Amino acid sequence: MNNKNIPLDERIILALDVSEPDAAKEWVRKTEGKIKFYKVGLQLFLAGWFDVVDWIIDRGHKVMVDLKFFDIPETVRLAMMQLQDRGVSFATVHGNDPIIRASLAARSGNDSALKILAVTVLTSFGEEDMRAMGLTGSIEDLVYFRAKRALELGCDGVVSSGLEAARLRQGLGDKLLIVTPGIRPGANVDDGSDDQTRIMTARKAIANGADYVVVGRPITRAADPLSVIAGLQEEIGAALQVL
Ligand code: C5P
């Protein structure tokens, strides 16, 4: 059973991958009746800095700041301090044990409202990318290994594709938050249309144990974004009923 009583309107984290704060605000205004969780990544953060994050939070929504911190531990700790105590719900870190430990040290306590998620293996990353980096094992094993370490170190959760979510949920228990990008409605295989590789439908990702799905382009590039959101929420609702 993996139902953390997360409301349906928080299950989809809409990736605001736009170049201007005004465009992000337009997306929030357009979708906020249906969605209450937004992701600010590198592009928008560089354009809108904390002003855009604060604006979304002030409207009563949750924000995932996805900057995937990766640097020497002390730099990561100091960067994470900047996100502490300002109403951000999720932040992401990418790296080995000392980097993850440093990011956790930035929090005021284990019950901090800021949840720290470790990036396991990017969802754009495929087996051939593993080989190109000289890694010999499977992506699934690497994701599991990194997620287990992250949990042991005290991370609240991980970012991982839906393909690995089932194994993570089974092996690592219910407490771990699993946040899954690479959602492609109607597709369980990569059709090569964009940079995402380890993709899955929202229904399958949630059925596999994901708590949240991060969705960007399938919504922002749709002719009718609100109906895509409605369809995704229907899928998520159906998957949760079976759990
Ligand atoms: O547009 P799309 O639905 O592919 O957006 C996915 C979002 O999730 C992007 O903002 C990307 O940065 C983010 N993400 C990801 N894979 C990760 C972590 C975050 O695709 N491992």
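Up top is the structure.
Since the model is a prediction, treat every value here as computed from it, not as a measurement.

What counts and what doesn't
Residues numbered from 1 in each chain as written. Predicted model: local features only at pLDDT ≥ 70, side-chain atom pairs only at ≥ 80, totals over all residues. Heavy atoms only, no water. Axes fitted to C-alpha atoms, helices over the stretch in contact; angles between N-to-C directions. Helix = DSSP H or I, 4+ residues; strand = E, 2+ residues; numbered from the N terminus. Parallel < 35°, antiparallel > 145°, perpendicular 65-115°, else oblique. Left-handed = near helix turned anticlockwise from the far one by under 90°. Contact = heavy atoms within 4.5 Å. Nonpolar A, V, L, I, M, F, W, Y, C, P; charged D, E, K, R; others polar. Pairing = 2+ DSSP bridges.

Novice: In this structure, what is going on with the packing of helix 2 (residues 21–31) against helix 3 (residues 42–58)? I would like to understand it.
Specialist: In helix packing, the relevant descriptors are the interaxial angle and the interaxial distance, both defined with respect to the helix axes. Where helix 2 contacts helix 3, the two axes come as close as 9 Å, and the packing angle between them is 40 degrees. When the axes of helix 2 and helix 3 are compared, the pair comes out oblique. Every pair of crossing elements has a handedness; the one defined by helix 2 and helix 3 is right-handed. Contacts between helix 2 and helix 3 involve P21, A24, K25, V28 and R29 on the former and, on the latter, L44, A47, G48, V52, W55 and I56. Residues belonging to the contact of helix 2 with helix 3 are distributed by class as follows: eight nonpolar, one polar and two charged.

Novice: Looking at this model, I keep getting lost on the sheet that holds strand 8 (residues 212–215). Mind explaining?
Specialist: Within a sheet, neighbouring strands are paired by backbone hydrogen bonds and run either parallel or antiparallel to one another. Pairing in this closed barrel of eight strands is parallel, and the strands run 1-2-3-4-5-6-7-8 around the ring. Going from strand to strand, the sheet's axes swing by 25 degrees on average, the running direction of each strand aside. Taken together, the five bridges between strand 2 (residues 37–41) and strand 3 (residues 62–69) define a ladder with parallel strand orientation. Bridging across to strand 3, K39 finds its partner in M64.

That is the geometry; function is a separate question.
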